[in-house]
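# Structure at a glance
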Amino acid sequence: YLTFAGKPRDEEVYAHVHESPRIMYLPLIVLSVFAIGVAWTIPGIGLSINNLLEQSRPAGEIGNGVVWSSLSYPNEHDSHAPGIHIAATLVAFGAAASGFLLATVFYGLRKLDPADVKRQFAPIYTLLWNKWYFDELYQFIFIRPTHFVSGLIAKFDKQVIDVCIDKLASGVKVISRADDLIDRTFVDGIVNLVGNWTYSAGRSLKTVQTGRLRQYVVLIVVGVVALTMIMQMAFAGR
């Protein structure tokens, strides 16, 4: 009621208000028609959306609560029984109609002063104005404990897990440096030393081969003679 019949708070904004273009409100009109008549039964053939949805609805059940065992819940199908469905519809419609009538009395007819009602029913007004303190209750029960636990987890992660990982990384770094030092000093050193010795021996032995054939023949003859004399001396003692 306040939206459509009340006095605008900002006259400048109210002066620039205009209707939406057709491309926006025409689809809404079509949807509103379907929203009103979608659950109606087609005369003559008895076809309705309720019958179609009823075919895919699972069977209801009766049982007790898990946390609160003495709390029982009825069969889900019972909520659609005429005795319950009609009563719930009347209660919901009555609440909406009562709100509309009260808004008309307060802001349309000006028979009652909202400020007087606010003062007389201050606790109820405060409770309703703060939406039953649902946000504060949700904050206290769920959000604050979640933030507290997540803060503890984050603190443990930073001060324990991250510290352990950093210490392990530092230890691995020290070990890798020591391993690199051993590899370069001892392993590579020994391999390089053997290689240098082999290279030096090869350079020394290559001078023996002069490439002269006569010298090789003389050395062979001298070697054969020396070997023969050694063998004779060895067998002469027997």
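Residues numbered from 1 in each chain as written. Predicted model: local features only at pLDDT ≥ 70, side-chain atom pairs only at ≥ 80, totals over all residues. Heavy atoms only, no water.

Now for the overall build of the protein chain. Regarding its fold elements, the protein chain presents nine helices and two strands. Taken from N to C terminus, the helices and strands of the protein chain fall in the order α-α-α-α-β-β-α-α-α-α-α. The buried share of the protein chain, reckoned over its 238 residues, is 2%. (Helix = DSSP H or I, 4+ residues; strand = E, 2+ residues; numbered from the N terminus. Buried < 20%, exposed > 50% of the residue type's maximum accessible area, 1.4 Å probe, protein only.)

On to the pattern of salt bridges. Enumeration according to the criterion identifies three salt bridges in this entry. Here R119 makes a salt bridge to D116, at a shortest N to O gap of 2.1 Å. Of the two residues, R119 and D116 both sit in helix α6 (residues 114-120), three residues apart, roughly one turn of that helix. Owing to a relative accessible area of 31%, D116 belongs among the partly exposed residues under this scheme. (Salt bridge = Lys/Arg side-chain N within 4 Å of Asp/Glu carboxyl O.)

Attention now moves to the packing of aromatic side chains. Scanning all chains against the criterion turns up four aromatic pairs. Aromatic pair F106 and Y107: ring centres 6.2 Å apart, planes at 45°, arrangement tilted. Accessibility expressed as a relative area gives 14% for F106, which makes it buried. By relative accessible area, which is 32% here, Y107 ends up partly exposed. Aromatic side chains Y138 and F142 sit 5.0 Å apart centroid to centroid with 40° between the ring planes, which places their arrangement in the tilted category. Here Y138 pairs with F142, and both are found in helix α8 (residues 134-205), just four residues apart, close to one helical turn. Chaining the aromatic ring pairs together yields one cluster made of F134, Y138 and F142. (Phe/Tyr/Trp six-rings, centres within 6.5 Å; stacked < 30°, edge-to-face > 60°.)

Turning our attention to the confidence of the model for the protein chain. Residues with a pLDDT of 70 or more make up 87% of the protein chain, whose mean pLDDT is 83. Within the protein chain, no element has a lower average pLDDT than strand β1 (residues 63-64), which sits at 58, and none a higher one than α8, at 91. (pLDDT = per-residue confidence, 0-100.)

Right, let's get into the layout of surface pockets. The calculated volume of the largest pocket comes to roughly 520 Å³. The wall of the largest pocket is formed by 14 residues, among which F106, Y107, P114, V117 and Y125 lie closest to the centre. Of all the elements in the fold, those that place two or more residues in the lining of the largest pocket are α5 (82-108), α6 and α7 (122-129). Considering every element that reaches the lining of the largest pocket, the biggest residue donor is α5, with five residues. Looking at the lining of the largest pocket, its residues break down into 12 nonpolar, one polar and one charged. (1 Å grid on protein atoms, 1.4 Å probe; cavity = no way out; pocket = protein on both sides within 12 Å on 5 of 7 lines; lining within 4 Å. Points joined across faces, edges and corners; volume = space filled by probe spheres on them. Nonpolar A, V, L, I, M, F, W, Y, C, P; charged D, E, K, R; others polar.)

Bringing a nonpolar patch on the surface into the picture now. Side chains of F121, I124, L127, L128, W132, Y133, F134, L137, Y138, F140, I141 and F142 sit close together on the surface and give an oily, nonpolar patch of about 1300 Å² of accessible area. Counting residues per element, the ones that place at least two in the nonpolar patch are α7 and α8. No other element matches α8, which puts six residues into the nonpolar patch. A relative accessible area of 46% means that F142 is categorised as partly exposed. (Patch = residues over 30% accessible without salt bridge, like charges linked within 9 Å, V, L, I, M, F, W, Y side chains within 5 Å. Areas by Shrake-Rupley, 256 points an atom, 1.4 Å probe, with all protein chains shown as cover.)

At R110, a residue that is not glycine, the phi angle is positive and equals roughly 60°. Inspection of the secondary structure puts R110 in the loop between α5 and α6. Judged by relative accessible area, which is 57%, R110 ranks as exposed. The phi angle at Y133 is positive, at roughly 55°, despite the residue not being glycine. Looking at the element boundaries, Y133 is found in the loop between α7 and α8.

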